[in-house]
Amino acid sequence: MKEVITHMPLSPRINPELGYYGIHTQAHIISNLTEKPYLLTGNELGSKKGGKIEGMEGVLDDLRRLDICVSKIWKDGDASNISFIQDLISTGVNNGLISMEMRETFLCPCGKTEFPNLPENLSGKQEKTTYEIKDGIVICKVCGGQAILQRSVSLIMKLPDEADFPFIKIYPPFAQSEIREHLNFFAGKDYILSRSSPREVAVSIGEERFWVDSDFYWIPFICHLQQEMKIKVEVLLTGHKTLKQVALSLLMAKRLGAVLPEIVIATPYININFGERPRLKTEEFLSKNGSGVTRLFLGQTLGADRKLICLQSSEAYLIARALENLPSAELERPTGEKPPLENFLHRGNSCRIRGISKKLRRRGYEQLENIERWLLWAILHSNS
Ligand SMILES: [Zn+2]
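Residues numbered from 1 in each chain as written. Predicted model: local features only at pLDDT ≥ 70, side-chain atom pairs only at ≥ 80, totals over all residues.

Caption draft 1: Expanded view of the nonpolar core. Of all hydrophobic cores here, the largest spans 90 residues; its most connected members are I85, I179 and A247. Of all the elements, helix α7 (residues 243–255) adds the most residues to this core, at eight residues. (Core = buried A, V, L, I, M, F, W, Y, C linked by C-beta atoms within 7 Å. Buried ≥ 20, exposed ≤ 12 C-beta atoms within 10 Å, placed from the backbone. Helix = DSSP H or I, 4+ residues; strand = E, 2+ residues; numbered from the N terminus.)

Right, here's the structure in full:
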């Protein structure tokens, strides 16, 4: 089975802020350090803007400009994934993995808000994405209508218990405890994967027809990669806001008999301080600074132990001066022993990159430590 570096399926964006590509840059660096290809995953189906599905083309253009080489692309809307999901459900119903049960759910007029009648969904503790509760009434944030309790036959998958969950290295520490909490919460629970109102994918079981919840198109992607494409996710990157979905993906992968990733890494939200300089979006930043400088700039987020990291755009100028002094744009692979991946993940690399940049500005490549040489190489090396 081929091992890859990937991330939780990301919704495409058109000319996003540069910070959007922090996770792709980290995947690129880890791919070079581990010598395992980077597989790009996208969540197209759920990301409708004005009724239109946004495609991945813009993201692929930006990655080409960043000289980030993608070995393969997986999208939830791929025909092979849709038929995988439909087969998974129909065979699951036959072999007992998925059951059809009468359940009470709250449903709003537009259908975006639909959730099981359980205390945890009605408590005000967690912020809900699609609805809010006012004076005991559930109001949909999308259509403004009231969600009413209804009874319907639902498709349900029982999630495995957390007790015998295999060890996965999770970085940074906050993500480790948060993912554990989510695993504990979901373990042994029912996961309702059908919806009452139209979605992009439907499945027929005997006489009954069910709409499939949009999240279910991509939550089992680890299994689809393994069972249909013989690809194992070795390192899984994720934004810090999708740790709940990571826990669900892991539990589902376990339920479906897939091999779990070795390492899960949560990446920070990136805030770029442009100071007096003009604020640049990805395309402008890239045309001004070039791909190597941009990757080094974003590489500072690797190993960050916070949910938010602030980068100074002035660093890009200093990095550019540093790269002018490198013997060639295509840097040779270091000859010293390669440090293990963990050494790059235990702490943030922003100080390390500032140090590299400083030494290079003084034409001091020879003074770089072994780990600094490897980091510089892993960021600058590109197969594309
Ligand atoms: Zn609604």
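Caption draft 2: Looking closely at unusual backbone geometry. For the bond running from Y171 to P172, omega is -15°, close enough to zero to count as cis. Looking at the element boundaries, P172 is found in the loop between β11 (169–171) and α5 (173–186). Positioned with a positive phi, N15 is a non-glycine residue whose angle comes to about 35°. Here N15 lies in the loop between β1 (2–7) and α1 (22–34). Positive phi values are uncommon outside glycine, yet R363 reaches one of about 55°. Judged by local crowding, R363 falls into the partly exposed class, with 13 C-beta atoms found within 10 Å.

Caption draft 3: Structural view of the packing of helix α12 (residues 350–361) against helix α13 (residues 370–380). With their axes 10 Å apart at the nearest point, α12 and α13 run at an angle of 90° to one another. Our classification of the angle between α12 and α13 gives roughly perpendicular. Here R352, G355 and I356 of α12 lie close against α13, whose contacting residues are E372, L375 and L376. Grouping the constituent residues of the contact of α12 with α13 by class yields three nonpolar, one polar and two charged. (Axes fitted to C-alpha atoms, helices over the stretch in contact; angles between N-to-C directions. Parallel < 35°, antiparallel > 145°, perpendicular 65-115°, else oblique. Contact = placed C-beta atoms within 7 Å. Nonpolar A, V, L, I, M, F, W, Y, C, P; charged D, E, K, R; others polar.)

Caption draft 4: Geometry of the sheet that holds β1. Taken in spatial order, the four strands of this open sheet run β1-β16-β17-β11, and their pairing is parallel. Edge strands, defined here as strands with exactly one partner in the open sheet, are β1 and β11. The sheet shows a mean angle of 15° between the axes of neighbouring strands, taken without regard to direction. (Pairing = 2+ DSSP bridges.)

Caption draft 5: The arrangement of the environment of R295 in detail. Inspection of the secondary structure assignment puts R295 in helix α9 (residues 291–299). Put simply, R295 and E162 are 133 residues apart on the chain and 38 Å apart in space, counted from C-alpha to C-alpha. If sequence neighbours within four positions are ignored, R295 has contacts with T25, H28, L66 and I379.

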